[in-house]
Amino acid sequence: MRRKLINTNSIIFIVFIAIFTLVSYVSDQGVIRQEDNLRKSDIKVDNLTTKIYTVDTMSNQFLALNDFSLETVIELNRKQLFWIKSLILLEKDSDYSDTKMINNIIDYEYTMKKIKKGFLSHYLDILVNTMEIVDRFELVHRWNDQYFKDYFDDQGYYKEEKLNWDFENIFKDNLDYFNLKNYNYYYVPDVDKFVDEATIDNYLDIYIFSHFLLKNMESFYEIINEDNIRFSKLSLEYSNLLDEELVVNKSISSLKNFLVLASIISQILSLFFLLLFFRNILIVSV
Amino acid sequence: MRFLRFALFQAYISSIQKNKKKALLIINIGIFLSIFAFSSATISFFIEKKISEIQSDLTFSQISLRETNNSISQMENELNSLQKRTNQEKIITDEKRFLDEFKIHNKLLSSKDYYGPFIYHNLKDAKKEIEDIQKLYGINVFDKNDPFYVDYLIPLLKDSWEKDEFDDFIEAIEELDFYTRQLLRINIDNYFYQKPLTINEIVDDINNEDLSSLNLTSNIFNDYESTIGSYQAMLKYYQAMLNVNKGFKGQGEEDVALYEKNILYYSNLERNIILITFIFQFSIFVIIQIFEINSVNFNLKKNK
């Protein structure tokens, strides 16, 4: 009697039960794997979001610095000839002095002191602003060293000085233009002493030095802009990677849901064939 | 263990010949329920497919919305900075042009001294910016005939915007194109001092009547006006592009809301169907358990 219970149909049903049970197990395994992939993808999304934020912040810093250096260069250039012209026209000893203008001045000594101090102040402004731009530029590198690995040596010291602030070298490179070829006399002058002692030739040297310092400063915003462009590109790159990762993330999530459903369907089919198997053995047990 | 259970089950089946009809009925109900369960699970499979499609659209809309928001924030910053620079330039220039009517000031500050650096650096900056944008995004936003406008943006806005707003946008890109061309026509070498001036050149500069006034029309003054014009055109362009981006943002938000609503609807539907599937599945499980438990009980009694 018992031998009769297992016929071809029963074997087919058992095979189906086995297959669907197996599919259900495989789907469950798949769900676990996809859950793991989803976690990894979430971490990637978080990392990319953080990277984009960091890169955008750096890009904004470079952009602000770029604007600052551009505005500074324009303003300092505009005043470049103002003081030397004032001195040439108003200095009584000058061959080019304008007597009419001199006579119109109420307090001549005071005005001349003001002009000379203004002249030096313009020169010092160039030095100070150069250093400020250099410092701000380097600070961005120092605080984000992971993005500027080439800028640091093995000991972690900042080595890449892209913005030139070697004033002495600028002076020496253009030595032929100066009347007094003594860098130390001009860097950094004691304002009151200089106003009392300096001749018109010294002021002309200050004008010449200012000219070359401003030329040097003009190169700054191009260099800063290069870094800005580099980070804008990087931001675009990361954004594209983030977009791709978000698509991957959503597809993993969908696949996981499909696997859950596949597992449920397999279980149902497994139960269905089990019932068919029961039915079959009941029918054949006559 | 499974073999043992199957052996017990075989013995049990052989013994229930009296209740065979009843057993068959229960099994048939189970089969019937399993077909229902299978159908509902399959339906939820298709609903999940639909959700997945909407979710993919939602992802793209969210990405696009995020990019639009970034553009808006960057543009607002650029606009503020440009507005500030333009206002500052206007205030300083008004003051200088007033002072220029006094002889001493007129002699000390020539039009080349004052306008020159502004023209030179802005022209240099504009050239670099055109090049950079071209490199980064592959478009020339300063050219009204760029395919980005002609093939994409203009047809899109023409269909969706009011005529007045659309005309304002066209005017903004035309002005930007015009002033950029004007700006790029300036010979940059005219404003470039490679070497410092000698004292004689400075004196010549002071005495040059053509250069002395900030208020008289001259080539330098015209170049300055073109440069300022490009600033104004840029401001207008940024405002127009902000409106475009805000329009995209509004559309994007509507799309996202619609996709979210659809996902929510299908999600609820799927949840309910899965619940029904579970109930069917549970019933089938109960039926199978009835047979399994009875078979074990039967064999236990038989052994006693």
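Check the entry above for the structure.
Residues numbered from 1 in each chain as written. Chains lettered and ligands numbered in written order. Predicted model: local features only at pLDDT ≥ 70, side-chain atom pairs only at ≥ 80, totals over all residues. Heavy atoms only, no water.

Engineer: Looking at this structure, how should I read the interface of chain A and chain B?
Structural biologist: A common way to state how big an interface is: give the accessible area lost once the parts meet. Facing 67 residues of chain A, the contacting portion of chain B comprises 79 residues. Buried area between chain A and chain B, both sides added, is near 6900 Å², and the carbon and sulfur share of it is 70%. Summed over the shared surface of chain A and chain B, the result is eight salt bridges. Asp 98 of chain A is paired through a salt bridge with Lys 107 of chain B; the nearest N and O atoms lie 3.5 Å apart. Where chain A touches chain B, the interface holds 19 residue pairs in polar contact (both at pLDDT 80 or more). Looking at the side of chain A that touches chain B residue by residue, the class counts come to 43 nonpolar, 10 polar and 14 charged. (Contact = heavy atoms within 4.5 Å. Buried area = accessible area lost by both parts, 1.4 Å probe. Salt bridge = Lys/Arg side-chain N within 4 Å of Asp/Glu carboxyl O. Polar contact = N/O pair within 3.5 Å; in protein donor to acceptor, adjacent residues only side chain to side chain. Nonpolar A, V, L, I, M, F, W, Y, C, P; charged D, E, K, R; others polar.)

Engineer: Got a minute to help me understand the pattern of salt bridges in this structure?
Structural biologist: A pair can form between side chains of opposite charge whenever their charged atoms are brought close. Under the definition given, this model contains 29 salt bridges over all chains. Asp 36 of chain A is the salt-bridge partner of Lys 40 of chain A, the closest N and O atoms lying 3.5 Å from each other. With Lys 40 of chain A and Asp 36 of chain A both in helix α2 (residues 8-78) and four residues apart, this pair spans about one turn of that helix. For Glu 76 of chain B, the salt bridge is made with Lys 246 of chain B, and the minimal N-O distance between the two is 3.6 Å. Pair noted here: Glu 76 of chain B is in helix α2 (residues 20-99) and Lys 246 of chain B is in helix α9 (residues 219-303), with a separation of 170 residues, a long-range link. Overall, Glu 76 of chain B belongs to the partly exposed group, its relative accessible area being 27%. Judged by relative accessible area, which is 41%, Lys 246 of chain B ranks as partly exposed. Among the charged side chains, a salt-bridge network with shared partners connects Asp 36, Arg 39 and Lys 40 of chain A. (Helix = DSSP H or I, 4+ residues; strand = E, 2+ residues; numbered from the N terminus. Buried < 20%, exposed > 50% of the residue type's maximum accessible area, 1.4 Å probe, protein only.)

Engineer: Explanation requested: the packing of aromatic side chains in the structure shown.
Structural biologist: Any aromatic ring pair is given by two values, namely how distant the centres are and how the planes are angled relative to each other. Counted under the stated rule, the structure contains 48 aromatic pairs over all chains. Summarising the aromatic geometry, the rings of Phe 171 of chain A and Tyr 186 of chain A are spaced 6.1 Å apart at their centres and angled 40 degrees between planes, so their arrangement reads as tilted. Within this pair, whereas Phe 171 of chain A is found in helix α6 (residues 167-173), its partner Tyr 186 of chain A is found in helix α7 (residues 183-186), the two being separated by 15 residues in sequence. Using a relative accessible area of 0% as the deciding quantity, one classes Phe 171 of chain A as buried. Aromatic side chains Phe 178 of chain B and Tyr 179 of chain B sit 5.2 Å apart centroid to centroid with 80 degrees between the ring planes, which places their arrangement in the edge-to-face category. Here Phe 178 of chain B falls in the partly exposed class, since its relative accessible area comes to 43%. Taking relative accessible area as the criterion, Tyr 179 of chain B reaches 25% and is therefore assigned partly exposed. An aromatic cluster is present here, built from Phe 119, Tyr 123, Phe 167, Phe 171, Phe 178, Tyr 183, Tyr 185, Tyr 186, Tyr 187, Phe 194, Tyr 203 and Phe 209 of chain A joined pairwise through their rings. Taking the ring centre of Tyr 114 of chain B as reference, the NZ or CZ of Arg 78 of chain A above it sits at 3.8 Å. The residue whose ring lies beneath Lys 92 of chain A is Tyr 108 of chain A, and the NZ or CZ to ring-centre distance is 4.1 Å. (Phe/Tyr/Trp six-rings, centres within 6.5 Å; stacked < 30°, edge-to-face > 60°. Lys NZ or Arg CZ within 6 Å of the ring centre and 35° of its normal.)

Engineer: Hey, could you run me through a negative patch on the surface in this one?
Structural biologist: Together, Glu 162, Asp 164, Glu 165 and Asp 168 of chain B make up a region of like negative charge exposed at the surface. Examined against the element boundaries, Asp 164 of chain B turns out to sit in helix α6 (residues 163-185). (Patch = residues over 30% accessible without salt bridge, like charges linked within 9 Å, V, L, I, M, F, W, Y side chains within 5 Å. Areas by Shrake-Rupley, 256 points an atom, 1.4 Å probe, with all protein chains shown as cover. Lys, Arg positive; Asp, Glu negative; His and termini not counted. Charge placed at Lys NZ, Arg CZ, Asp CG, Glu CD.)

Engineer: Looking at this model, I keep getting lost on empty space enclosed by the protein. Mind explaining?
Structural biologist: Empty pockets left among the atoms are what a rolling probe the size of a water molecule brings to light. This structure, assessed with the given rule, holds one cavity of 30 Å³ or more. Put simply, the largest cavity is a space of about 210 Å³. In terms of lining residues, the largest cavity is bounded by 18 residues, among which Asn 77 and Gln 80 of chain A together with Pro 117, Tyr 191 and Tyr 193 of chain B are the most central. Per element, the largest residue contribution to the lining of the largest cavity is six residues, and it comes from helix α4 (residues 111-137) of chain B. The class makeup of the residues in the lining of the largest cavity is eight nonpolar, six polar and four charged. (1 Å grid on protein atoms, 1.4 Å probe; cavity = no way out; pocket = protein on both sides within 12 Å on 5 of 7 lines; lining within 4 Å. Points joined across faces, edges and corners; volume = space filled by probe spheres on them.)

Engineer: Is there a simple way to explain α4 of chain B in this structure?
Structural biologist: The periodicity of an α-helix, 3.6 residues per turn, causes residues three or four positions apart to be oriented the same way. Residue and element names in this part refer to chain B. Taking 1.5 Å of rise per residue, 27 residues should cover 39 Å, and α4 covers 38 Å from first to last C-alpha, within 8% of that figure. By the criterion of burial, α4 is predominantly enclosed, with 19 of the 27 residues buried. With its phi angle positive at about 70 degrees, Gly 138 sits one or two positions after the end of α4. (Expected span 1.5 Å × (residues − 1).)

Engineer: Honestly, the environment of Gly 30 of chain B in this entry has me stumped. Any pointers?
Structural biologist: Mapped onto the elements of the fold, Gly 30 of chain B is located in helix α2. With residues up to four places along the chain from it excluded, the contact list for Gly 30 of chain B reads Leu 275 of chain A together with Ile 284 and Ile 287 of chain B.

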